[in-house]
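# Structural features, examined
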Amino acid sequence: MQKIYTDQTLLAITHVKNLLESAHIQSELRNEFAGGGVGELSFLDSWPELWVNYEDVAQAKEIINDYKASMHGQDWACRCGESNGSAFASCWACGLDKPL
């Protein structure tokens with residue numbers, strides 16, 4: 001098995017696990033209860049981890065990359081010609097609102 005994804009929140013890991021299961025990819029959740037060890041363990045060592053079989057790694061990475069891309073949204077171009085990140089609700093250069 002190979003570690004495919006880790007996150008500080010169990011909610012995010014569980015969501016990714018569900019995405020993989022909907023694609024018929026078996027996964028294993030590890031470090032589910034390791035958060036209590038923070039202080040004795042590095043915080044990174046206590047994050048929940050998602051592991052998959054080696055033959056499923058490529059497909060699982062593709063699903064995870066699609067999920068991450070959907071979380072960030074698309075950059076958008078303002079009428080003034082400026083490119084703005086997806087997090088901006090208005091143009092940082094001219095102040096016009098993001099088109100709907």
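Our structure's up above, just so we're on the same page.
As a starting point, this report considers the structure included with it.

Counting across every chain of the model gives zero aromatic pairs. Over the ring of Trp-51 we find Arg-30, and its NZ or CZ is 4.0 Å from the ring centre.

With that out of the way, let us pick up the environment of Gln-26. Mapped onto the secondary structure, Gln-26 falls in the loop between helix H1 (10–22) and strand S2 (27–30). Residue classification places Gln-26 among the exposed residues on the basis of a relative accessible area of 58%. For the pair Gln-26 and Asn-53, spaced 27 residues apart in sequence, the C-alpha separation works out to 7.5 Å. Those residues in contact with Gln-26 that lie beyond four places of it in its chain are Trp-51, Val-52, Asn-53 and Asp-56.

Looking now at helix H2 (residues 57–72). With 16 residues, H2 ought to run about 22 Å at 1.5 Å a step, and its terminal C-alpha atoms sit 23 Å apart, in line with that. Turning to H2, its buried residues are Val-57, Ala-60, Ile-63, Ile-64 and Tyr-67. Each buried residue of H2 lies within a common arc of 130 degrees when the element is viewed along its axis, so the set occupies one face. What points out from H2, more than 90 degrees from its buried face, is the exposed set Ala-58, Glu-62, Ser-70 and His-72. Against strand S1 (2–6), H1 and strand S3 (49–52) lie the buried residues of H2.

About the cut-offs
Residues numbered from 1 in each chain as written. Predicted model: local features only at pLDDT ≥ 70, side-chain atom pairs only at ≥ 80, totals over all residues. Heavy atoms only, no water. Phe/Tyr/Trp six-rings, centres within 6.5 Å; stacked < 30°, edge-to-face > 60°. Lys NZ or Arg CZ within 6 Å of the ring centre and 35° of its normal. Helix = DSSP H or I, 4+ residues; strand = E, 2+ residues; numbered from the N terminus. Buried < 20%, exposed > 50% of the residue type's maximum accessible area, 1.4 Å probe, protein only. Contact = heavy atoms within 4.5 Å. Expected span 1.5 Å × (residues − 1). Arc of directions from axis to C-beta.

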